[in-house]
Amino acid sequence: MFRIVLAAFVLVASTLSAAAFETRAGAAFVMDQTTGTVLLNKNADAPLPPASMSKLMTLYMAFEAVRRGKADGGLDLNERLPVSEHAQSYGGSSMFLRSGETVSVEDLLRGIIVVSGNDACVVIAEALSPDGTEYGFARMMTQRAQQLGMNNSTFINASGWPQTGHVMSMRDLAILADRLITDFPEFYPMFAETEFPFDNRVPSNSRNRNPVLTMGIGADGLKTGHTQEAGYGLVGSAKQGDRRVIFVITGLETTAARAQESQAIVNWAFRQFAMRDIGKAGQEFAKADVWMGSSPQVGLVAAEDMNVLMPALADREIEAEVVFTGPIEAPIAKGDPLGELVFTPEGLPEMRLPLVADQDVPSGGFVSRMMTAAMVLVTTLIQGPEGQS
């Protein structure tokens, strides 16, 4: 067996690299969620103080607990949880909860999302913690983050309060945002709420600090963050048409800079890149030799409609390669994954799309198997072991 590369396959006409975005953020990560394409990576894997953006992890675990239900050790939205002295003691962003009172889980969730309540985070944390402490819950947060593939996140508390060792990377925050949007569609609309006047307790602290929600750019989440050490940051998402973009920025110097940078990133991501149809399900891109089969070849076809993200501007063609390991040994079933269509648009990572068998190819009889063996032997002697054509 040897690797076959069919080079210089013209895939789609008229593509040009998108203009790079020069962000003012100290670290940033931008992803087209629809295709999984990374559009911008600046220090995205560096573990940094996340400030209140780390509340998204507390929310993720709270949502999981609500979905489990109280009977399975989780939470009920209408359940009322007690406020401890520790929860009341937190400064910064707050629901202004009072020690000894009880608050519904639903109000606590909105208090975290909309008004960024540090106290609300602690109430949730102490309810779910295995030892009843915020730090015990933080250990659970770290373990769950690792299970989600967030390898540069360590939690010391539930709210993002400045504390040595409490860090997240921008990529991890994007992973988390993606999971919140995908895993919890029933809760995600809460992130678009612009006001939560809890109990009319503190009218001056009832509005969502997320600046992109009212910009008219399709933004519908997720969370701001700010401490002196971290600067101003934002985990955001916006949807326009069939596309959704997730972005994470941190290290901005002012709230105005955070708002301007967020708006600029969203506009850039949607205007500089566009979805392109490059193949329909069943479209053949190549044929592969078959070893010892009833047919000497099998077609390599698109497994499904191929839609990829490309730079929106255009002036030249892009080439692709069909790559597979061959000859392919029979029997082959229709739909078996056999190869990939590989291409790299300028300014974007390499893309690999699966190609599958277009038909069943049973094992051949004696004569056909001998003819196939002879054909492959001759081809190998002519082309050499690399088998490139």
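Right above here is the structure, for reference.
Residues numbered from 1 in each chain as written. Predicted model: local features only at pLDDT ≥ 70, side-chain atom pairs only at ≥ 80, totals over all residues. Heavy atoms only, no water.

Asks: Break down the pattern of salt bridges for me, citing the residues and quoting the values.
Replies: In a structure, side chains of opposite charge can pair up when their charged atoms sit close to one another. For the structure on display, the rule yields 17 salt bridges. Its salt-bridge partner being Arg-110, residue Glu-106 comes within 2.7 Å of it at the nearest N-O pair. With Glu-106 and Arg-110 both in helix H3 (residues 105–113) and four residues apart, the pair spans about one turn of that helix. On the basis of relative accessibility, which here comes to 27%, the residue Glu-106 falls in the partly exposed class. (Salt bridge = Lys/Arg side-chain N within 4 Å of Asp/Glu carboxyl O. Helix = DSSP H or I, 4+ residues; strand = E, 2+ residues; numbered from the N terminus. Buried < 20%, exposed > 50% of the residue type's maximum accessible area, 1.4 Å probe, protein only.)

Asks: Which residues make up the environment of Val-115, and what values do they have?
Replies: Following the sequence through the fold, Val-115 ends up in the loop between H3 and helix H4 (118–128). Classification of Val-115 as buried rests on a relative accessible area of 2%. Placed 92 residues apart in sequence, Val-115 and Arg-207 show a C-alpha to C-alpha distance of 6.2 Å. With residues near it in sequence (within four places) discarded, Val-115 still touches Ser-93, Ser-94, Met-95, Arg-110, Phe-196, Asn-205, Ser-206, Arg-207 and Arg-209. (Contact = heavy atoms within 4.5 Å.)

Asks: Can you break down the packing of helix H1 (residues 55–68) against helix H5 (residues 134–147) residue by residue, with the values?
Replies: Packing of H1 against H5 brings their axes to within 10 Å, and their N-to-C directions diverge by 85°. As far as their axial angle goes, H5 and H1 are roughly perpendicular. In contact with Met-57, Thr-58, Tyr-60, Met-61 and Glu-64 of H1, H5 contributes Phe-137, Met-140, Met-141, Arg-144 and Ala-145. Looking at the contact of H1 with H5 residue by residue, the class counts come to seven nonpolar, one polar and two charged. (Axes fitted to C-alpha atoms, helices over the stretch in contact; angles between N-to-C directions. Parallel < 35°, antiparallel > 145°, perpendicular 65-115°, else oblique. Nonpolar A, V, L, I, M, F, W, Y, C, P; charged D, E, K, R; others polar.)

Asks: Account for the pairing of strand E16 (residues 351–357), naming residues and giving values.
Replies: Consecutive side chains along a regular strand alternate between the two faces of the sheet. Among the seven residues in E16, five count as buried, and that is most of the element. Bridge count for strand E11 (residues 297–302) against E16 is three bridges, and the pairing is antiparallel. The residue of E16 that forms the bridge with Val-301 is Val-356. Looking at chain direction, strand E15 (residues 337–343) and E16 are connected through six bridges and run antiparallel. Within E16, the residue paired with Glu-340 across the bridge is Pro-354. (Pairing = 2+ DSSP bridges.)

Asks: Got a sec to walk through the packing of aromatic side chains? Specific residues and values, please.
Replies: This structure, assessed with the given rule, holds ten aromatic pairs. When the ring of Phe-63 is compared with that of Phe-191, the centres are 6.4 Å apart and the planes differ by 90°; the resulting orientation is edge-to-face. Here the residue Phe-63 occupies a position in helix H1, and Phe-191 occupies one in the loop between helix H6 (170–183) and strand E6 (219–227), the gap between them amounting to 128 residues. The class of Phe-63 is buried, set by a relative accessible area of 1%. (Phe/Tyr/Trp six-rings, centres within 6.5 Å; stacked < 30°, edge-to-face > 60°.)

Asks: Please set out the side chain of Arg-244 residue by residue, giving values where relevant.
Replies: Here Arg-244 is to be found in strand E8 (residues 243–252). Using a relative accessible area of 9% as the deciding quantity, one classes Arg-244 as buried. A polar contact is formed between the side chain of Arg-244 and the side chain of Asp-220, at a distance of 2.9 Å. Excluding residues within four positions of it along the chain, Arg-244 makes contact with Met-31, Asp-32, Gln-33, Thr-34, Ile-181, Tyr-188, Asp-220, Ser-237, Ala-238 and Lys-239. (Polar contact = N/O pair within 3.5 Å; in protein donor to acceptor, adjacent residues only side chain to side chain.)

Asks: I'd love a proper account of unusual backbone geometry, names of residues and values included.
Replies: With an omega of 10°, the peptide bond between Gly-221 and Leu-222 qualifies as cis. On the secondary structure map, Leu-222 appears in strand E6. The omega angle of the peptide bond from Ala-330 to Pro-331 is 5°, so this bond is cis rather than trans. For Pro-331, the position within the fold is in the loop between strand E14 (328–329) and E15. A positive phi angle is found at Ala-51, which is not glycine, with a value near 55°. Examined against the element boundaries, Ala-51 turns out to sit in the loop between strand E3 (37–42) and H1. What makes Ala-51 buried here is its relative accessible area of 2%.

Asks: Outline the pairing of E8, supporting the account with residue identities and numerical values.
Replies: For E8, the tally of buried residues reaches nine of ten residues, placing the bulk of the element in the interior. Pairing between strand E2 (residues 27–32) and E8: six bridges, direction antiparallel. When the bridges of E8 are listed, Met-31 appears paired with Ile-246. Of the strand pairs in this sheet, strand E7 (residues 231–240) and E8 are connected by eight bridges, and their pairing is antiparallel.

Asks: I'd like a rundown of the nonpolar core, residues and numbers included.
Replies: Within the largest apolar cluster, 63 residues are counted, with the highest numbers of intra-cluster contacts made by Met-57, Phe-63, Leu-108, Ile-124 and Phe-191. If you list the elements that add at least two residues to this core, you get E2, H1, H3, H4, H5, H6 and E8. Looking at which element gives the most residues to this core, the answer is H1, with nine residues. In contact with Leu-108, other than residues within four places in its own chain, are Leu-81, Met-95, Leu-97, Val-103, Ala-120, Val-123 and Ile-124. Counting 50 residues, the second largest nonpolar core, distinct from the first, contains Ala-28, Ala-219, Ala-257 and Ala-320. (Core = buried A, V, L, I, M, F, W, Y, C linked by side-chain atoms within 4.5 Å.)

Asks: Explain the side chain of Ser-116 residue by residue, including any values.
Replies: Relative to the assigned elements, Ser-116 resides in the loop between H3 and H4. Here Ser-116 falls in the buried class, since its relative accessible area comes to 3%. A distance of 3.4 Å separates polar atoms of two side chains, one belonging to Ser-116 and the other to Ser-52. Other than its neighbours up to four places away in sequence, Ser-116 contacts Ser-52, Lys-55, Ser-93, Ser-94, Gly-111, Arg-209 and Lys-223.

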